[in-house]
There are 2 protein chains.
Amino acid sequence: MSSAFPSLENLRAGGKRLLARVLTRLETRASDPETAAFLDQLCNCRHGRVLGLTGPPGVGKSSLTDALIKTYRENGKRVAVLAIDPSSAVSGGALLGDRTRLKTDPLDDDVFVRSMAARDRLGGLSDHAVAAITVLRAVCDQVIVETVGIGQSEGDLKQAVDTVVLCVQPGSGDSLQFMKAGIMELPDIVAVTKADMGALARRAASDVVGALSLSSGGQSWQVPVSSVSSQTGEGIADLVEQAGKHGAYLQTAGLVEPMRRNQHVAWFEDMVRTAYGQTGLELAGNDKVTRWQDRAQDRPFGSYAEFSENMNRLLRA
Amino acid sequence: MSSAFPSLENLRAGGKRLLARVLTRLETRASDPETAAFLDQLCNCRHGRVLGLTGPPGVGKSSLTDALIKTYRENGKRVAVLAIDPSSAVSGGALLGDRTRLKTDPLDDDVFVRSMAARDRLGGLSDHAVAAITVLRAVCDQVIVETVGIGQSEGDLKQAVDTVVLCVQPGSGDSLQFMKAGIMELPDIVAVTKADMGALARRAASDVVGALSLSSGGQSWQVPVSSVSSQTGEGIADLVEQAGKHGAYLQTAGLVEPMRRNQHVAWFEDMVRTAYGQTGLELAGNDKVTRWQDRAQDRPFGSYAEFSENMNRLLRA
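Per chain, residue numbering runs from 1 following the sequence as it is written. Each chain gets a letter, beginning with A, and each ligand a number, beginning with 1, in the order they are written. Residue-level local features of this predicted model are given only where pLDDT is at least 70; pairs of side-chain atoms are given and counted only at 80 or more, and the full residue set underlies all totals for whole chains, interfaces and linings. Note: side-chain values were computed over all heavy atoms of the structure, leaving out hydrogens and water.

K.L.:
I keep staring at the packing of helix H3 (residues 33-43) of chain B against helix H5 (residues 129-139) of chain B and nothing clicks. Help me out?
P.N.:
The angle between the axes and the distance between the axes are what describe a pair of packed helices. Residues and elements named next belong to chain B. Taken N-terminus to C-terminus, the directions of H3 and H5 make an angle of 50 degrees; their axes are 9 Å apart at the nearest point. The orientation of H3 with respect to H5, classified from their angle, is oblique. Crossing angle aside, the handedness with which H3 passes H5 is left-handed. Here Phe-38, Leu-39, Leu-42 and Cys-43 of H3 come into contact with H5, specifically with Ala-131, Thr-134, Val-135, Arg-137 and Ala-138. Here the residues of the contact of H3 with H5 sort into seven nonpolar, one polar and one charged. Lines fitted to C-alpha atoms define the axes here, with helix axes fitted over just the stretch in contact, and angles between the N-to-C directions of these axes take values from 0 to 180 degrees. A run of H or I in DSSP becomes a helix once it reaches four residues, and a run of E becomes a strand once it reaches two; helices and strands are each numbered from the N terminus. Geometric relationships in this document are graded by angle, where less than 35 degrees denotes roughly parallel, more than 145 denotes roughly antiparallel, 65 to 115 denotes roughly perpendicular, and other angles denote oblique. Crossing handedness: left-handed means the near helix sits turned counterclockwise from the far one by under a right angle, and right-handed means the same turn made clockwise. Working rule for contacts: check all heavy atoms of both residues, and any pair within 4.5 Å makes them a contact. Three residue categories are used. Nonpolar comprises Ala, Val, Leu, Ile, Met, Phe, Trp, Tyr, Cys and Pro, charged comprises Asp, Glu, Lys and Arg, and polar comprises the others, including Gly.

K.L.:
I would appreciate a short explanation of the sheet that holds strand S7 (residues 225-227) of chain B in the present structure.
P.N.:
All names here are of chain B. With respect to topology, seven strands assemble into an open sheet ordered S3-S2-S4-S1-S5-S6-S7, the strand pairing being parallel. Looking at which strands have only one partner, the edges of the open sheet turn out to be strand S3 (111-117) and S7. Averaged over neighbouring strand pairs, the angle between their axes works out to 20 degrees when direction is ignored. Two strands pair when backbone bridges link them, and strand S2 (residues 79-85) and S3 are joined in this way by seven bridges, in the parallel orientation. Bridging from a neighbouring strand, Leu-82 pairs with Arg-114 of S3. Here helix H4 (residues 61-74) sits on the sheet in contact with strand S1 (49-55), S2, S3, strand S4 (142-148), strand S5 (163-168) and strand S6 (189-192), set at roughly 175 degrees to S4. By this definition, two strands are paired if DSSP reports at least two bridges between them.

K.L.:
Before we go on, may I ask you to explain the sheet that holds strand S4 (residues 142-148) of chain A in this structure?
P.N.:
Backbone hydrogen bonds hold the strands of a sheet together, and the pairing may be parallel or antiparallel. All names here are of chain A. With parallel pairing, seven strands are arranged side by side in an open sheet as S3-S2-S4-S1-S5-S6-S7. The sheet terminates laterally at strand S3 (111-117) and strand S7 (225-227), the two strands that pair on one side only. On average, each strand axis in the sheet is inclined to that of its neighbour by 20 degrees, with strand direction left out of account. Alignment of strand S1 (residues 49-55) against strand S5 (residues 163-168), held across four bridges, turns out to be parallel. The partner of Leu-51 across the bridge, within S5, is Thr-163. Strands in contact with helix H5 (residues 129-139) are S1, strand S2 (79-85), S3 and S4; relative to S2, the strand with the most contacts, it is inclined by about 170 degrees.

K.L.:
What's the story with the side chain of A:Ser303 in this structure? I'm lost.
P.N.:
Residues and elements named next belong to chain A. By the element assignment, Ser-303 lies in helix H12 (residues 300-315). Each residue is assigned to one of three classes by its accessible area relative to the maximum for its type, calculated with a 1.4 Å probe on protein chains only: buried under 20%, partly exposed between the two thresholds, exposed over 50%. Classification of Ser-303 by relative accessible area gives buried; the value is 0%. The contacts of Ser-303, once residues within four sequence positions are left out, are Phe-268, Trp-292, Arg-295 and Ala-296.

K.L.:
I keep staring at helix H9 (residues 236-252) of chain B and nothing clicks. Help me out?
P.N.:
Structurally, the α-helix is built with 3.6 residues per turn, so residues lying three or four positions apart point the same way. Residues and elements named next belong to chain B. Here H9 is 17 residues long and its end C-alpha atoms lie 24 Å apart, about the 24 Å a rise of 1.5 Å per residue gives. Of the positions making up H9, those classed as buried are Ile-236, Leu-239, Val-240, Gln-242, Ala-243, His-246, Gly-247 and Leu-250. Buried positions in H9, seen along its axis, are confined to an arc of 160 degrees and lie on one side of it. Among the exposed residues of H9, those oriented more than 90 degrees off its buried face are Ala-237 and Thr-252. On the buried face of H9, the contacting elements are S1, H4, S5, S6, S7 and helix H10 (256-285). Looking one or two places after H9, you find Gly-254, whose phi comes out positive at around 70 degrees. Every helix has an expected span of 1.5 Å times one less than the residues it contains. Working definition: the arc comes from the directions between the helix axis and the C-beta atoms, pointing outward to the latter.

See below:
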């Protein structure tokens, strides 16, 4: 296939600049059938692991990301970071400048950082985030997706990553309230930041353990709580180890394949819902030939491109 | 018009049981043209004021609602409460039982309480909430709408009420972080609950004042901060006074009419987005005869019923 997109081999060998160009092309030509074919080809490739970091602003996600990059690089991993910047509900614009806090080495070709503005919801992923993750996961060993959020946004993140880490800081009341009330979708790991705060941090960690014990119910994965300090480095290796354990758990329990398929369907449904609402979802599910959701399990991007073409033919006749 | 719905006069005179029956009919016959006509007739009626109370679980919204009901009743107002129960992200069900906390007198015919399950999002309003508010506002002097939320959900509430009160409690970190980061849509009033906690409560109130000063920009309404204790009654009269001041501000600035019209359009757009997505919104806006959004300003319910019929004709042919 002569394509505007490089082969996976060339992309892996091509360095950061090629990767950046490909991600830009995904955004500007999102509705091309060629883009869909490129992404469908990569989306079943099991290479990198994807860690999602979420938490309220100011909790220390960027510093933690920095510390994680450092640890993963020391372990010889090629790392990519996708930072989803919150859009301001008031101004409507992305809160820029946040990204400049990441202290990555521009000369290290094995650390790639990309930022995107979030869609309308706080903590919601960008329209192009799943496409970008699909590519980064095929090229790098470890992908870190960073979003701002609390409570409801973890659902979005769960649709796109393998392991969700919720970051909370000592003295934060609302996160605990949401956990206790059972409203928050459970993360896979909780990281209590600012462990260097001593007694206050220890108290916070035990509060989180208490809140988790109230809301966990019959899951085979026990959500661990890591106390981390990006400043002193305390707990970072433990967090990386917990993330590795969660990855191994998914693998040995045979959960990776079904999770990815569910994520593909969830992405397809999210795109259909955004473009065509509840009615679009019903039409996709009631198709006489094949339920579109079933097709989307292995070919999410191509399935959406075709469904979308059908809908537009009906509506814009 | 011979109708399944009573006239406004009969509804006002008919007591709580008739009101409850009408609200149930709105939910079960939401798509009837008759229902739309009934609601369109009421929606421009300027009678009651609508206060929205929002905040994280455990902040004390129910106790505060109790205290507000008491104060409004002492002032001779007929009061209605619409409590939007959060759905659990994990179980998918509404977290019931919360409502039993309201300590209203069942024999007082001038206090009406109704609860509804929230739509999929945390803090999101129910599909039928705006219809219910439209009726309650026409029948009662003061309507209180209670939702669970923080940050992003205030936008929803602003589409349905006159005055948004955000409740925060001493020691809550996340709410302040969201305010400081400019992510949170500003409420009209902030109530710091549990004022009986003394120094901690005073510290919280001054933190909120600080966070507000960072994010307020050129608005003509200065967001007041009320310290309230539902237990001792401290600050409740002040909060009622602040809500009254905000209502008077909207009135004298000539903002009530445009706000209601905007709310009608926002409701119409929300319904179209939910049922037909972004594509539905574009089609509504590009109609050759009249933009549907313009029609929705005065007749939101009828406009949506007609638009919906048109769309279904195209899609389900």
